[in-house]
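Residue-level structure breakdown
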2 protein chains.
Amino acid sequence: MLVTHAAGAPGSPPAGRAKLADVAALAGVSVGTASKALNGAGRMRPETRQRVLDAVAELGFRPNQHAQSLHTGRSWTVGLMTTDGIGRFSTPVLLGAEDALGAGKISVLLCDTRGDAIREQHHLRNLVDRRVDGIIVTGRRTDPRPPLTGITGLESVPVVYALSPSTDPADTSVTSDDRGGARLAVEHLLSAGRTRIAHVTGPEHHAAARDRARHGLEHLEGAGFGLSTGRVHFGEWSEAWGRRAADAVLRTAPDTDAFFCGNDQIARGVADTLRERGVTVPEDIAIVGYDNWDTMALASRPPLTTIDMNLTEIGRIAALRLLEAIDEGLAPGAHTVPCRLVVREST
Amino acid sequence: MLVTHAAGAPGSPPAGRAKLADVAALAGVSVGTASKALNGAGRMRPETRQRVLDAVAELGFRPNQHAQSLHTGRSWTVGLMTTDGIGRFSTPVLLGAEDALGAGKISVLLCDTRGDAIREQHHLRNLVDRRVDGIIVTGRRTDPRPPLTGITGLESVPVVYALSPSTDPADTSVTSDDRGGARLAVEHLLSAGRTRIAHVTGPEHHAAARDRARHGLEHLEGAGFGLSTGRVHFGEWSEAWGRRAADAVLRTAPDTDAFFCGNDQIARGVADTLRERGVTVPEDIAIVGYDNWDTMALASRPPLTTIDMNLTEIGRIAALRLLEAIDEGLAPGAHTVPCRLVVREST
DNA sequence: AGCAAGTGAGCAATCGTTTTCCTGAGGGGA
DNA sequence: TCCCCTCAGGAAAACGATTGCTCACTTGCT
């Protein structure tokens, strides 16, 4: 009697969120049966199941995920580590991943290391402690990065590298097809009849700059041509560099009839210089950029033809591979996502 | 005997991650004692505690967070809902929040609604199911948004709105001080001796455009002046609009000696037009932008003086308020973060 | 020496679900 | 009529850590 009294009037719903025991009580079954009714497991009379479902609806019951996770060992969570802030490149990747994962019941834990190894270890330990089902790692550049390491327990967590691959080929990576992107750009210019092509791009120590230059040149030479200035113009990823480089190119090789630029900022700088020199784009000189960064490509005069890396798709695919890895074990190796040519008025 | 055999050689560590029971066994104490040794609770011989700590170190033990969360009811997780993609504005806010929270042992669950109410409900339910300790909501604009609602159980979760406040004044919001920002801009121009100021900004249906225009004008009139063109030029947040508007302003009010622009893209457009018209900036006409968006402000010729909303700080403060709310209960009301004037060569 | 006070450590309940057994009732066949 | 089989549903043991309560053993004091 005393106990009953302290617990409130009999039949009155307990305060706070309903638990499965409340549902079971209301439906007049045991907790185990209620659980089975919810999960479809076990055989039971349809009528009983319905009574449980009604009770669930009436109480607005939602299972406690901590309890479920404790039991199953799964957290229905994946970690998303971005190694260098959340910038132009990691954001679409992140969105793609979030999209693919969120469609299921998996949530995304965001970890930003700001390029700091200490922070990375800190977050990594945290993720492992939370028993995440997997980890996606993404950097802001395409340069390979050393694999995650240094935390015990990490071995049992599948990891997928997106955009910036792991230096260890045994890891699973999803990257952009830089070779294909460069090929698309060069092919597009060639098919428009341009043969005196200049290439202005970012710093040589960036893999993106090196790779695009190399593959673009390969393709150009494969078609029997070379660079109009005889060399690649490495510099910075900035408009200012684009402007300066365009000047230099016009001086060195006035017969240049197209620019293939390492990114849209450079391309826009080139466009500005051409414009100021009275060169019409694309009639006199065509321009192709890289990245399809709207604010740059669209604001440029004229709007830029450019290569889109499909970053969102990279994130999506990385997420899908991670899901595969979680369910069926890791399928190591690199996977590249093709680029897309976006034609606008600069060609 | 049989059991011992099946469990492996006596003393051999069990496979998988170590649990507290393993630690206790190794240290020769009970599970409860091991727990107390770790948490500093309860009185015990220092030597016993040390034995437990040694065992923890040897096994690389880390507590299972699911078990802890189940027991304490806390998840050490907060949800971060961005309502409109993850863009220019939400990213710094997000980073600020992640920074402030990650310093402790709290992690961030990322939810992106893409402006879709269905998705918002979906994520919200998910967050509540995960028993998050709190939620930060951020939109990409400063327009107020309706408060989160529609999910049972949400009442007990503290929510802080960042950047875009809740329409309900009883909610906790952290926003940018648009009035102060506009004042900073106008004051800066006035103190440089400019009195014929034009204002070009975004669409009138954006609160940011309206507020900055209103407060800027108020301040201008307070100083005894008015807008050089007699009106605010509402339009779009684009460079193209900045270019067109600058043309219009020069035609209407050729004696204009300064532009205050609603964002950096517009400001850059204005700068481009002035440049092409042979007007020197800042000697003939000064320009102040808004947002301090590096890629715009720095690439502009000349680089733009602009207003920085301190978005990262907004995220940080939102996170701090959320932590307060979690620990001490909600402190409703609006909180504004002051802006910062960044002077560059356009003034 | 005997009793009270104090202290170190273990037991067991708890958090909320899932899942494996296991029981008991009812039906059908011999 | 009796036995066996089936199937609905309950009891209880996990999952791993925390914590209040209890017990046993030292001390210290009279």
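Source: prediction; values computed, not measured.

1. Thoughts on the domain arrangement of chain A
The domain architecture assigned to chain A consists of domain 1 (2-63), domain 2 (75-176 + 312-338) and domain 3 (178-308). A separation of 39 Å is found between the C-alpha centroids of domain 1 of chain A and domain 2 of chain A.

2. Regarding the sheet that holds strand S9 (residues 286-290) of chain A
Strand pairing within a sheet occurs via backbone hydrogen bonds; the two strands may be parallel or antiparallel. Residues and elements named next belong to chain A. Taken in spatial order, the six strands of this open sheet run S7-S6-S8-S9-S10-S12, and their pairing is mixed. Every other strand in the sheet has two partners, leaving strand S7 (227-233) and strand S12 (340-342) as the edge strands with one partner each. Mean inter-strand twist for the sheet, computed between neighbouring axes without regard to direction, equals 20°. Inspection of the sheet shows strand S10 (residues 305-308) paired to S12 by three bridges, in the antiparallel sense. Among the inter-strand pairings, isoleucine 307 is bridged to a residue of S12, identified as leucine 341.

3. Regarding the protein's contact with DNA strand C
Every one of the 25 residues lining DNA strand C counts as a neighbour, but Leu20(A), Thr33(B), Lys36(B), Arg45(B) and Thr48(B) are closest to it. In this structure, a phosphate oxygen belonging to DNA strand C sits 2.8 Å away from a side-chain N or O atom of Lys19(A). Asn64(A) places a main-chain nitrogen or oxygen 3.2 Å from a phosphate oxygen of DNA strand C. When contributions to the surface near DNA strand C are tallied by element, the ones reaching two or more residues are helix H3 (31-39) and helix H5 (65-72) of chain A together with helix H3 (31-39) and helix H5 (65-72) of chain B. Looking at the surface near DNA strand C, the element that brings in the most residues is H3(A), giving five residues. When the residues that make up the surface near DNA strand C are grouped by side-chain class, the tally is eight nonpolar, eleven polar and six charged.

4. Some thoughts on the protein's contact with DNA strand D
Near DNA strand D lie 24 residues; those nearest to it are Thr33(A), Lys36(A), Arg43(A), Thr48(A) and Leu20(B). Sugar and phosphate atoms represent 69% of those atoms of DNA strand D found within 4 Å of the protein. A distance of 3.5 Å separates a base oxygen of DNA strand D from a polar atom in the side chain of His71(B). Elements with a minimum of two residues in the surface near DNA strand D: H3 and H5 of chain A together with H3 and H5 of chain B. The dominant element in the surface near DNA strand D, judged by the number of residues it contributes, is H3(B), at five residues. Residue composition of the surface near DNA strand D, by class: eight nonpolar, eleven polar and five charged.

5. Details of helix H2 (residues 20-27) of chain A
Residue and element names in this part refer to chain A. Turning to H2, its buried residues number three or more, namely Leu20, Asp22, Val23, Ala24 and Ala27. The inward-facing, buried residues of H2 contact H3 and helix H4 (46-59). At the exit of H2 stands glycine 28, carrying a positive phi of roughly 75°.

6. Some words on the packing of H5(A) against H5(B)
Helix-helix packing is characterised by the crossing angle of the two axes and by the distance between the axes. Interaxial distance between H5(A) and H5(B) falls to 8 Å at its minimum, and their mutual angle equals 145°. Read as a crossing pair, H5(A) and H5(B) show a hand that is left-handed. Taking contact as the criterion, the partners of His66(A), Ala67(A), Ser69(A) and Leu70(A) in H5(A) are, on H5(B), His66(B), Ala67(B), Ser69(B) and Leu70(B). Looking at the contact of H5(A) with H5(B) residue by residue, the classes come out as four nonpolar, four polar and no charged.

What counts, and where the lines are drawn
Residues numbered from 1 in each chain as written. Chains lettered and ligands numbered in written order. Predicted model: local features only at pLDDT ≥ 70, side-chain atom pairs only at ≥ 80, totals over all residues. Heavy atoms only, no water. Domains from an automatic or database assignment. Pairing = 2+ DSSP bridges. Helix = DSSP H or I, 4+ residues; strand = E, 2+ residues; numbered from the N terminus. Axes fitted to C-alpha atoms, helices over the stretch in contact; angles between N-to-C directions. Near = heavy atom within 4 Å. Polar contact = N/O pair within 3.5 Å; in protein donor to acceptor, adjacent residues only side chain to side chain. Nonpolar A, V, L, I, M, F, W, Y, C, P; charged D, E, K, R; others polar. Buried < 20%, exposed > 50% of the residue type's maximum accessible area, 1.4 Å probe, protein only. Contact = heavy atoms within 4.5 Å. Left-handed = near helix turned anticlockwise from the far one by under 90°.

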